[in-house]
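Chain by chain, the residues run as shown.
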Amino acid sequence: MPAQFEGKVALVTGAGSGIGRGIATMMAAQNASVAVSDLHEDWASETAAEIDGPRTMVIQLDVTDTASVQAAAQRVI
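What counts and what doesn't
Each chain carries its own residue numbering, running from 1 in the written order of its sequence. Where totals are concerned, whole chains, interfaces and linings use all residues; where local detail is concerned, this predicted model gives features only for residues with pLDDT of at least 70, and gives and counts side-chain atom pairs only at 80 or more. By convention in this description, side-chain values take in all heavy atoms of the structure and omit both hydrogens and water. Buried, partly exposed and exposed residues are distinguished by accessible area as a fraction of the type maximum, computed with a 1.4 Å probe on protein chains only: under 20%, between the cut-offs, and over 50%, respectively. Secondary structure elements follow DSSP: runs of H or I no shorter than four residues count as helices, runs of E no shorter than two count as strands, and numbering proceeds from the N terminus. Between any two strands, at least two bridges found by DSSP are needed for them to pair. By the criterion used throughout, a crossover qualifies as right-handed when its path from the first strand across the helix to the second strand runs clockwise, the strands pointing away from the viewer. Nitrogen and oxygen atoms within 3.5 Å of one another constitute a polar contact, given that in protein one can donate a hydrogen and the other can accept it, and given that sequence-neighbouring residues count only through two side-chain atoms. Whether two residues touch is decided by their heavy atoms; if any such pair falls within 4.5 Å, the residues are in contact. We define a salt bridge as a side-chain nitrogen of Lys or Arg found within 4 Å of a carboxyl oxygen belonging to Asp or Glu. For our purposes a nonpolar core is just a set of buried Ala, Val, Leu, Ile, Met, Phe, Trp, Tyr and Cys residues, chained together by side-chain atoms within 4.5 Å.

**Student:** Please give an account of the pairing of strand β1 (residues 9–12) that cites residues and values.
**Tutor:** Burial of β1 is one-sided: the residues Ala10 and Val12 facing one way are buried, the residues Val9 and Leu11 facing the other way are not. The pairing of β1 with strand β2 (residues 33–38) spans 4 bridges and is classified as parallel. Among the inter-strand pairings, valine 9 is bridged to a residue of β2, identified as serine 33. Handedness of the crossover joining β1 and β2 through helix α1 (residues 18–29) is recorded here as right-handed.

See the structure below:
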């Protein structure tokens, strides 16, 4: 697969399952650094373990909570 996202950083919300998990996995396969986030941190951890990349981080994130979003963005930055 081409390295379309080499040098890019992706913060993927809802990455613990479904479409979010698929997007996080695809971005990592194309060499992006991926912040795998979900309301359920253990779900995000499962996705990150599946990716098993050196540039992957897990973030517990509630997108309905401004403080949670700000904290997640700061961690990624």
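**Student:** So what's going on with the side chain of serine 37? Residues and values would help.
**Tutor:** In this fold, serine 37 is placed in strand β2. Judged by relative accessible area, which is 0%, serine 37 ranks as buried. A polar contact is formed between the side chain of serine 37 and the backbone oxygen of valine 12, at a distance of 2.8 Å. Every residue in contact with serine 37, bar those within four places of it in the chain, is listed here: Leu11, Val12, Thr13, Gly14, Ala15, Gly16, Ala44, Ile59 and Leu61.

**Student:** If you had to explain the pattern of salt bridges to someone new, which residues and values would you point to?
**Tutor:** Enumeration according to the criterion identifies 2 salt bridges in this entry. Between glutamate 6 and arginine 55 there is a salt bridge, with the nearest N and O atoms lying 3.9 Å from each other. Of this pair, glutamate 6 sits in the segment before β1 while arginine 55 sits in the loop between α2 (41–51) and β3 (56–60), and the two are 49 residues apart along the sequence. Glutamate 6 sits in the partly exposed class, given a relative accessible area of 46%. For glutamate 50, the salt bridge is made with arginine 21, and the minimal N-O distance between the two is 3.3 Å. On the criterion of sequence distance, the pair formed by glutamate 50 in helix α2 and arginine 21 in helix α1 is long-range, its members being 29 residues apart. Judged by its relative accessible area of 22%, arginine 21 is partly exposed.

**Student:** Please set out the environment of aspartate 38 residue by residue, giving values where relevant.
**Tutor:** Position of aspartate 38 relative to the elements: it lies in strand β2. With a relative accessible area of 7%, aspartate 38 lands in the buried category. Once the C-alpha coordinates of aspartate 38 and glycine 14 are considered, the two residues, 24 residues apart in sequence, prove to be 4.6 Å apart. Setting aside residues no more than four positions away along its own chain, aspartate 38 makes contact with Gly14, Ala15, Gly16, Ser17, Trp43, Ala44, Ile59, Gln60 and Leu61.

**Student:** Go over the nonpolar core, please, and point to the residues and values.
**Tutor:** One finds Ala10, Val12, Ala15, Ala24, Met27, Ala28, Ala32, Val34, Val36, Ala44, Ala48 and Ile51 forming the largest nonpolar core, which totals 12 residues. The set of elements that each furnish at least two residues to this core consists of β1, α1, β2 and α2.

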